[in-house]
Amino acid sequence: MGSLSLETIYFYGLLVCAGIAILLFLFGDIFEFDGPLDPMLIVPWLAFVSLVGFLGERLTTLSSLFILLIGVALATILVFLLNFYVLVPLKNSESTLSTTEKSFEGRVATVVTPIPITGMGEIKISSVTGSTTRPASFYEEQTESIKNSSQVLIIEVRNHVCYVVPYKENFIS
């Protein structure tokens with residue numbers, strides 16, 4: 001059996017890192033890595049070292065140790081930039097632009113389907129990111145139903161149903 005060349009070792013390292021990267025992409029959200037050795041940083045670092053090593057061994061006549069040192073330096077710089085400009089902002093960002101149902105409470109909405117005294121209608125809640133419709137019912141007993149295009153104030157959201165009262169611009173009078 002012959003020994004493996006460094007070029008072949010770097011190539012296999014690159015393939016293994018690509019496979020692990022695909023697995024991390026698919027299943028990375030299942031596992032939370034908060035320690036200093038985050039796989040989301042180690043795998044790209046090893047991939048960059050392997051890539052620079054493979055290309056260095058194949059395309060240059062530099063010594064293997066020098067190629068490895070260049071690979072380590074470049075990988076460290078690239079992974080630092082990846083972490084600082086991509087991963088940290090992604091971890092700190094909101095997971096979605098949509099609003100939570102609790103954030104609907106206290107907002108004014110427009111009636112889309114009339115809300116009967118005992119029963120449910122539908123309201124439209126508008127925001128900067130768009131609008132959404134939700135089923136609505138009265139929060140407290142009312143004497144008359146609310147007609148289409150009227151405004152209501154959302155008091156509470158339970159089980160995906162908005163509980164509303166008729167909206168008055170000035171509640172004091």
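All values reported here derive from a predicted model rather than from experimental measurement. (Residues numbered from 1 in each chain as written. Predicted model: local features only at pLDDT ≥ 70, side-chain atom pairs only at ≥ 80, totals over all residues. Heavy atoms only, no water.)

The next subject is the packing of aromatic side chains. Per the stated rule, a full pass over the model turns up 4 aromatic pairs. Taking 6.3 Å as the distance between ring centres and 50° as the angle between the ring planes, the aromatic pair formed by F11 and Y12 counts as tilted. The class for F11 is partly exposed, based on a relative accessible area of 34%. Residue classification places Y12 among the partly exposed residues on the basis of a relative accessible area of 46%. Here F11 and F54 contribute two aromatic rings whose centre-to-centre distance is 5.5 Å and whose plane-to-plane angle is 40°, an arrangement assigned as tilted. Here the residue F11 occupies a position in helix α1 (residues 6-27), and F54 occupies one in helix α2 (residues 39-59), the gap between them amounting to 43 residues. Using a relative accessible area of 14% as the deciding quantity, one classes F54 as buried. One aromatic cluster is present, formed by F11, Y12 and F54 through successive ring pairs. When the ring centre of Y163 is taken as origin, the NZ or CZ atom of R158, which lies over that ring, is 4.3 Å away. (Phe/Tyr/Trp six-rings, centres within 6.5 Å; stacked < 30°, edge-to-face > 60°. Buried < 20%, exposed > 50% of the residue type's maximum accessible area, 1.4 Å probe, protein only. Helix = DSSP H or I, 4+ residues; strand = E, 2+ residues; numbered from the N terminus. Lys NZ or Arg CZ within 6 Å of the ring centre and 35° of its normal.)

Looking at where S137 falls in the secondary structure, it is placed in strand β3 (residues 130-138). A relative accessible area of 14% places S137 in the buried class. Among the polar contacts listed, one links the side chain of S137 to the backbone oxygen of G119, at a separation of 3.1 Å. Beyond its immediate chain neighbours, meaning those up to four positions away, S137 contacts I115, G119, M120, V161, C162, Y163 and V164. (Polar contact = N/O pair within 3.5 Å; in protein donor to acceptor, adjacent residues only side chain to side chain. Contact = heavy atoms within 4.5 Å.)

A separate point is α1. An ideal rise of 1.5 Å per residue puts 32 Å on 22 residues; α1 measures up with 31 Å between its terminal C-alpha atoms. Within α1 the residues assigned to the buried category are Y10, C17 and L24. When α1 is viewed along its axis, its buried side chains cluster within an angular range of 45° and face the same direction. For α1, the exposed residues lying more than 90 degrees away from the buried face are I22 and L26. (Expected span 1.5 Å × (residues − 1). Arc of directions from axis to C-beta.)

Right, let's get into the packing of α1 against α2. The geometry of α1 relative to α2 is characterised by a closest axis approach of 8 Å and an angle of 150° between their N-to-C directions. By the angle between their axes, α1 is roughly antiparallel relative to α2. Like other packed secondary-structure pairs, α1 and α2 cross with a definite hand, here left-handed. Between α1 and α2, the contacting residues are L6, E7, Y10, F11, G13, L14, C17, I20, A21 and L24 on the first element and P39, M40, V43, L46, A47, V49, S50, L51, G53, F54, E57 and R58 on the second. Here the contact of α1 with α2 is built from residues that sort into 16 nonpolar, 3 polar and 3 charged. (Axes fitted to C-alpha atoms, helices over the stretch in contact; angles between N-to-C directions. Parallel < 35°, antiparallel > 145°, perpendicular 65-115°, else oblique. Left-handed = near helix turned anticlockwise from the far one by under 90°. Nonpolar A, V, L, I, M, F, W, Y, C, P; charged D, E, K, R; others polar.)

The next subject is the UniProt feature "transmembrane region" (unreviewed entry) in the protein. This chain's UniProt record puts "transmembrane region" (unreviewed entry) on residues 9-27, 39-56 and 65-88. For residues 9-27, the end-to-end C-alpha separation is 27 Å, with 100% helix and 0% strand making up the annotated structure. Annotated as 100% helix and 0% strand, the span residues 65-88 places its first and last C-alpha atoms 32 Å apart. (UniProt positions renumbered as here; feature names shortened; annotations may be inferred.)

Next up on the list: the sheet that holds strand β4 (residues 151-158). Strand order around the closed barrel formed by 5 strands is β1-β2-β3-β5-β4, with mixed pairing between neighbours. For this sheet the average axis-to-axis angle between neighbouring strands, irrespective of direction, equals 55°. Across 6 bridges, the pairing between β4 and strand β5 (residues 161-166) is antiparallel. Among the inter-strand pairings, L153 is bridged to a residue of β5, identified as V165. (Pairing = 2+ DSSP bridges.)

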